[in-house]
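Residues per chain are reported as follows:
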Amino acid sequence: SAGSAPAPGTGRSGAWAGLVVDGGDGLVAVDPDATPDALVYENPDALPRIRWASAGAACTSPTDCASAMDGLPADTVLMAPDDLAATPLDGAAAEIEVLEDGDVAQRVQVAAQGAGVLVIADAVQDGWRALVDGERADLLTVDGAVRGVAVPAGEHEVELRYVPPGRSVLAPVAALAALAWLTAA
């Protein structure tokens, strides 16, 4: 692949060429003619971004989890041993329907024949909150670095929302400041 951006590792601009070698990892180039300045790859064997897991296995570190992901069945979630012991996993299937999938919110309808974990393959970050049927639920770190929510058997709506850290404190502080300013005037 050639380009006119700075050559990797040199900091100098100008033409450069690179070689992409098949790493045997199953990645497939996506329409190379559509993006002449870049190559985009996809993994056709990747697990779905939002999926149901009814079975679990323990992993003790992100590196351990990454190694265990290779060949992991789609219905299996990797969790820290304590989380795995505390999370009911009945081995039963579920149907999921994604109702909303935005940058700061996801809503998923779950019809579960048994207890399991709804996995959302987005990075765990401060500020995310989980609700199951409108009630606060624990947000789990699963598969080494992504979000999961334990869901009991039955019909449920799972909602994840991002609330920027500090936002819950900011509104009352702003209201007090406005009140102080108004009374001082």
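One can find the structure itself at the top, above this paragraph.
Now for a look at the structure at hand. (Residues numbered from 1 in each chain as written. Predicted model: local features only at pLDDT ≥ 70, side-chain atom pairs only at ≥ 80, totals over all residues. Heavy atoms only, no water.)

We now examine the packing of aromatic side chains. Under the definition given, this model contains 1 aromatic pair. Between tryptophan 128 and tyrosine 162, the ring centres sit 5.7 Å apart and the planes meet at 55°, which makes this aromatic pair tilted. With tryptophan 128 in strand E11 (residues 128–132) and tyrosine 162 in strand E15 (residues 154–162), the pair connects residues that are 34 residues apart, well separated along the chain. Looking at tryptophan 128, the relative accessible area reads 8%, which means it is buried. Given a relative accessible area of 27%, tyrosine 162 falls into the partly exposed group. Cation over ring: arginine 147 sits above tryptophan 128, and NZ or CZ is 3.7 Å from the ring centre. (Phe/Tyr/Trp six-rings, centres within 6.5 Å; stacked < 30°, edge-to-face > 60°. Helix = DSSP H or I, 4+ residues; strand = E, 2+ residues; numbered from the N terminus. Buried < 20%, exposed > 50% of the residue type's maximum accessible area, 1.4 Å probe, protein only. Lys NZ or Arg CZ within 6 Å of the ring centre and 35° of its normal.)

Moving on: the pattern of salt bridges. A full pass over the atoms with the stated rule returns 8 salt bridges. With a closest N to O distance of 3.0 Å, aspartate 143 and arginine 51 form a salt bridge. Note that aspartate 143 is positioned in the loop between strand E13 (140–142) and strand E14 (146–151) and arginine 51 in strand E5 (residues 50–53), a separation of 92 residues in sequence. A single burial state applies to aspartate 143 and to arginine 51, both of which are buried. Linked by salt bridges that have partners in common, Glu100, Arg107, Glu157, Glu159 and Arg161 make up one network. (Salt bridge = Lys/Arg side-chain N within 4 Å of Asp/Glu carboxyl O.)

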